[in-house]
Amino acid sequence: MTETPKSTSEYIDRERKYLAQIYKPLSIVLNRGEGVWLWDTEGKKYLDFLSAYSAVSFGHLNQRIKKALMDQMELLDIPARAFHTDRLGEFGQLLCEFTGMDRMQPMNSGAEAVETGVKAARRWGHDVKKIADGNQRIIVSAGNFHGRTTTIISFSSDKDYQRGFGPLTPGFDIIPFGDLNALEAAITPDTCAFITEPIQGEGGILMPPLNFLKGAQEICKRNNVLFILDEIQTGMGRTGKNFCYQYEIDKPDGLMLGKALGGGIYPVSAFLAREDVMAVLDPGSHGSTFGGNPLAAAIGIEALKILIEDNLADRSAELGDHMMRRLSAIQSPMVKDVRGKGLLIGLEIDPAYASARQVCDRLLEKGLLSKDTHGTVVRFAPPLIIEKGELDWAADTVAQVLSEMINK
Ligand SMILES: *Cc1c(COP(=O)(O)O)cnc(C)c1O
């Protein structure tokens, strides 16, 4: 049977031996978390400045989420959608009222919420817009990240995500992120939807020009094309509003949520849409065994309540401004750019000096956990419950590491 490893390297070796090697994790082995803190097997403490890409926005083992889960575990687990439950309608009502959308379909992973949106958009294109089935086209943004299923990677512009996985799913047109002229030009009578992130998280915390969402919505409306936003990473207060689209528009036609909706404890995602879009999904057309089960619903409900009651979006805006000021004040030739919204911040490193990964490794040694994305960008996305003093410590640590790296 299995033996408990005696050292960090033994834990890592075992993982390397038995796991598909699709990740390159930083060299620590975690075994405990609480709030904004994580501990490794050697007892060393780290400030979590990534919060699982926003999945842990309410902090590790958030007491309210944990209690909601435990309370529900005393009552009912997973009966499948073959039956009604007392919690799912409550979750649906809360999420729809909160987002202003008409209906929701609960799923588990973010990728499943995106898949649901793709299916709804295509069927709406056929049933409502009267596009011949098989001809429906969806416009997406270059540099996007929407997940890892075969169809989703088919509309990625990252060749690493696609190599050797063909045949890819056809029907997608890629335009430069943030380019309204390209959007207008790409629309044909067969276009059923434009799907984009409001800020590209995985892509490197890339921000579109001001009023991109507003302009895109107008173009979509004029052309009878659905405007669908993937807020799996940017939603739930991350960027300083409950949803990033609220900076520019009232609401999109379709919306994908995930990550933080699961309170950091359990995968909960959803696709939300206006009435006539969701209406095309009839019995038998779609489904999920685990989606919307009572545990997921209880957690989703509590996550939304925390977001609302603790005013985490405002907190994210305020603390994000503070952190941006602190990071922008760092005088280092290594810093090419600091950008972001709320507590979603990217620190772009000049590759002439170091890779973002090297910076992350050095930050880790000092007890600050972050992750590089796309080679040159360090992504900072701390739990929204973080305190100002902890942000200041993180900013000091970043400044110190950059200065040590330049002076070595
Ligand atoms: C993480 C992410 C996804 C995929 O979510 P999974 O839960 O990993 O499937 C989709 N879209 C965006 C914007 C994301 O950040």
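Residues numbered from 1 in each chain as written. Predicted model: local features only at pLDDT ≥ 70, side-chain atom pairs only at ≥ 80, totals over all residues. Heavy atoms only, no water.

**Section: the pattern of salt bridges**
And step 1. Scanning the model with the defined rule gives 21 salt bridges in all.
And step 2. Note that Arg123 is salt-bridged to Asp282, the shortest N-O span being 2.8 Å. With a gap of 159 residues between them, Arg123 in helix 5 (residues 110-127) and Asp282 in the loop between helix 10 (275-278) and helix 11 (294-309) connect regions that are remote in the sequence.
And step 3. One salt bridge connects Arg362 with Glu404, and the closest N-O pair in it is separated by 3.3 Å. Linking Arg362 in helix 13 (residues 356-365) with Glu404 in helix 14 (residues 388-407), this pair joins segments that are 42 residues apart in sequence.
And step 4. By relative accessible area, Glu404 is classed as partly exposed at 26%.
And step 5. Linked by salt bridges that have partners in common, Arg362, Glu365, Lys366 and Glu404 make up one network. (Salt bridge = Lys/Arg side-chain N within 4 Å of Asp/Glu carboxyl O. Helix = DSSP H or I, 4+ residues; strand = E, 2+ residues; numbered from the N terminus. Buried < 20%, exposed > 50% of the residue type's maximum accessible area, 1.4 Å probe, protein only.)

**Details of the nonpolar core**
And step 1. Counting 85 residues, the largest nonpolar core has Phe91 and Phe194 as the members making the most contacts within it.
And step 2. The element that contributes the greatest number of residues to this core is helix 11, accounting for nine residues.
And step 3. Residues lining this core come from more than one domain, with at least three contributed by each of domain 1 (8-61 + 314-406) and domain 2 (76-309).
And step 4. Setting aside its immediate chain neighbours within four residues, Phe194 contacts Ile139, Val140, Ser141, Ile175, Leu183, Phe212, Ala216, Cys220, Val225, Leu226, Phe227 and Ile228.
And step 5. Counting residues in hydrophobic clusters, the runner-up holds 25 residues, among them Ala111, Val114, Leu226 and Phe271. (Core = buried A, V, L, I, M, F, W, Y, C linked by side-chain atoms within 4.5 Å. Domains from an automatic or database assignment. Contact = heavy atoms within 4.5 Å.)

**Examining the site of the ligand**
And step 1. Every residue near the ligand is listed here: Ser109, Gly110, Ala111, Phe145, His146, Gly147, Glu197, Asp230, Ile232, Gln233 and Lys259.
And step 2. A distance of 2.8 Å separates an oxygen atom of the ligand from a polar atom in the backbone of Ala111.
And step 3. At a separation of 3.3 Å, a nitrogen atom of the ligand approaches a polar backbone atom of Phe145.
And step 4. Protein coverage of the free-state accessible area of the ligand, which is 380 Å², stands at 80%.
And step 5. A breakdown of the residues in the shell around the ligand according to their chemical character gives three nonpolar, five polar and three charged. (Near = heavy atom within 4 Å. Polar contact = N/O pair within 3.5 Å; in protein donor to acceptor, adjacent residues only side chain to side chain. Areas by Shrake-Rupley, 256 points an atom, 1.4 Å probe, with all protein chains shown as cover. Nonpolar A, V, L, I, M, F, W, Y, C, P; charged D, E, K, R; others polar.)

**Observations concerning the domain arrangement of the chain**
When the parts of a complex come together, some accessible area is lost, and that lost area is often used as the size of the interface.
And step 1. Here the chain is described as being made up of domain 1 (8-61 + 314-406) and domain 2 (76-309).
And step 2. Centre-to-centre separation of domain 1 and domain 2, based on C-alpha positions: 27 Å.
And step 3. Between domain 1 and domain 2, the contact holds 26 residues from the first and 26 residues from the second.
And step 4. When residues of domain 1 are sorted by the area they lose upon contact with domain 2, Phe58, Lys341 and Leu344 head the list and together hold 34% of the total.
And step 5. One can count one salt bridge joining domain 1 with domain 2.
And step 6. Among the ionic pairs, Arg379 bridges to Glu202, the shortest N-O distance being 2.9 Å.
And step 7. Here domain 1 and domain 2 share 16 residue pairs in polar contact (both at pLDDT 80 or more) between them.
And step 8. Within the residue set of the side of domain 1 that touches domain 2, elements represented by two or more residues are helix 2 (51-54), helix 12 (312-328), strand 11 (335-341), strand 12 (344-349) and strand 15 (377-380).
And step 9. Here the side of domain 1 that touches domain 2 gets four residues from one element, more than from any other, and that element is helix 2.
And step 10. A per-class count over the side of domain 1 that touches domain 2 returns 14 nonpolar, nine polar and three charged. (Buried area = accessible area lost by both parts, 1.4 Å probe.)

**Comments concerning the sheet that holds strand 4 (residues 103-107)**
And step 1. Read from one edge to the other, the open sheet built from seven strands follows the order 4-10-9-8-7-5-6, with strand pairing classed as mixed. Each having just a single partner strand, strand 4 and strand 6 (172-175) make up the two edges of the open sheet. The sheet shows a mean angle of 20° between the axes of neighbouring strands, taken without regard to direction.
And step 2. Pairing between strand 4 and strand 10 (residues 269-273): five bridges, direction antiparallel. (Pairing = 2+ DSSP bridges. Axes fitted to C-alpha atoms, helices over the stretch in contact; angles between N-to-C directions.)

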